[in-house]
Each structure stands twice: as C-alpha cells, then as structure tokens.
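Spelled out, the chains give:
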Amino acid sequence: MTRLVVAPGVVHWPGYLPPEAQAALVVELREVARQAPFFQPRMPKTGKPFSVRMTNCGSLGWVSDETGYRYQPLHPVTGEPWPPMPVALTQAWRDLAGYAHLPEACLVNFYEAGAKMGLHQDRDEQEFDAPVLSLSLGDTAVFRIGGTQRGGKTVSLKLASGDALLFGGEARLAYHGIDRIIAGLSSLLPQGGRINLTLRRVTKPRA
Ligand code: MD3
Ligand code: FE
C-alpha cells in the first residue's frame, strides 16, 4: 500500500479502499442517508447555505446553522439520533489513525458539480490530539491545505475515489478546503458527485 507523506502530519494513501469496498460502503451510506437525510448546513450569523450537503453517523454529528457550529447527538431536522457508524469505517480508523480510542463522529459531505468548501480550520472538537481521517468516494476533488495561519502558503492535492488522508500532529489545525470537483473520472456513483467521510474523535477520552 502506497503511503505518501504530503506535509508534516499529512499522510495520503491513494486507492486505500479497493473498488469492491467502495461499492459496499456506498450501499451502507445509502442506508445512513435513509435514516439521517442529507441536510443543508448554514453559515453562522448570516445563514447563507453551504453548497455541500451533509449528514453524520456515529454518536455525535457536526451541524452548522445561524447559531454556530457544534457537535450534537440528534439530527437537526428529524430530531433522531444519528445512525451507527458502519464497521468498515471504524476498521479504517483502527488501520490508519494510530490513535487508541474510537472515533465518535463521521461527517458525510456530499458535493454535487459546482460545490466547494472554503478554507477553514476544524476546531469544534475537544480533542486535538486525535487525528482526522478522510475517505473520498466518487468524483475527484481538488483539495488545498496550508498551515495554521490564514493567508500562508498552500499546496493542492487531488483526492480520488478510495483515497484515505490522515491529518494529525501539526496538521490537525491546518487550514484546508475543497476548490472544485472534477466530474467524469469515477463510475462509483451513477448520478455523479463526491462523498467525503471525515472520522473524528470529538470528546477527550477518559483514559
Ligand atoms: C485537515 N472536508 O468536513 S477532507 C470538513 O473533502 C472538510 O469534504 C473536506 O474539510 C472534504 O471539515 C476535506 C480532508 C480534511 C478533513 C479534516 C481536516 C482535512 C483536514 C482536519 C484538519 C486538517
Ligand atoms: Fe475541514
């Protein structure tokens, strides 16, 4: 398995998930989305909608609306608990994360053609000692990552279906975002689009 160190704390495994595992995961994610439908997050204060739609699985999910960003145990629209995390995801975490405790949240981002995500830091978690693990499915994304200060130098990376990317150590608070989606390179999702899964430890483990 090819393991590329992209920058300090950033590790890329191109094609980590073989095609059959990607297809099996899509089946499980359709069930997640049936139980916890995709919602359209909104920017704090302005209420401007994101171009990315989201859902979550695991005991906690990330949500955003006029009142702010936060993790919560219930879906913001249905009021139901998030569905369980597929075992394939906890397995990828055990395999790659190098962290002794299980993730609590898996944020599922769905990008249609034209969707993007501006440069931001992920800092709504209580535990920055845990890495964030990302898995990409479907269309390729042009991903950009910089340092811990806004306005610094950035590097771009293409994320293809099946790729895993781990952010830990000094990269955990790096600015990052998705500049654009490149359609037509993957046949995993018949209607096209990209799914990104981010597995996160949210709370500080008790031991
Ligand atoms: C670097 N998602 O959900 S995944 C996000 O492809 C997010 O949907 C993007 O940024 C996506 O917050 C990028 C790669 C990623 C995820 C979390 C990180 C990079 C990260 C946390 C810290 C540093
Ligand atoms: Fe992020």
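Thresholds, definitions, all that
Residues numbered from 1 in each chain as written. Chains lettered and ligands numbered in written order. Predicted model: local features only at pLDDT ≥ 70, side-chain atom pairs only at ≥ 80, totals over all residues. Heavy atoms only, no water. Salt bridge = Lys/Arg side-chain N within 4 Å of Asp/Glu carboxyl O. Helix = DSSP H or I, 4+ residues; strand = E, 2+ residues; numbered from the N terminus. Buried < 20%, exposed > 50% of the residue type's maximum accessible area, 1.4 Å probe, protein only. Near = heavy atom within 4 Å. Polar contact = N/O pair within 3.5 Å; in protein donor to acceptor, adjacent residues only side chain to side chain. Areas by Shrake-Rupley, 256 points an atom, 1.4 Å probe, with all protein chains shown as cover.

> Is there a simple way to think about the pattern of salt bridges in this case?
A pair can form between side chains of opposite charge whenever their charged atoms are brought close. By the definition in use, this model includes ten salt bridges. The partner of Arg200 in a salt bridge is Glu125, with the nearest N and O atoms 2.9 Å apart. One end of the pair, Arg200, is in strand S13 (residues 194-200); the other, Glu125, is in the loop between strand S7 (117-120) and strand S8 (132-138), and 75 residues separate them in sequence. The exposure classification of Arg200 matches that of Glu125, with both residues buried. With a closest N to O distance of 2.9 Å, Lys204 and Glu127 form a salt bridge. Taken together, the positions of Lys204 in the segment after S13 and Glu127 in the loop between S7 and S8 put the pair 77 residues apart, joining distant regions of the chain. One salt-bridge network, held together by shared partners, links Asp122, Glu125, Arg172 and Arg200.

> Would you mind going over the site of ligand 1 with me for this structure?
Taken together, 19 residues sit near ligand 1, with Asn109, Tyr111, Phe167, His176 and Arg194 positioned nearest. Separating an oxygen atom of ligand 1 from a side-chain N or O atom of His120 is a distance of 3.2 Å. In the model, an oxygen atom of ligand 1 is placed 2.9 Å from a nitrogen or oxygen of the Arg194 side chain. When the free accessible area of ligand 1 is taken as 500 Å², the share hidden by the protein chains comes to 98%.

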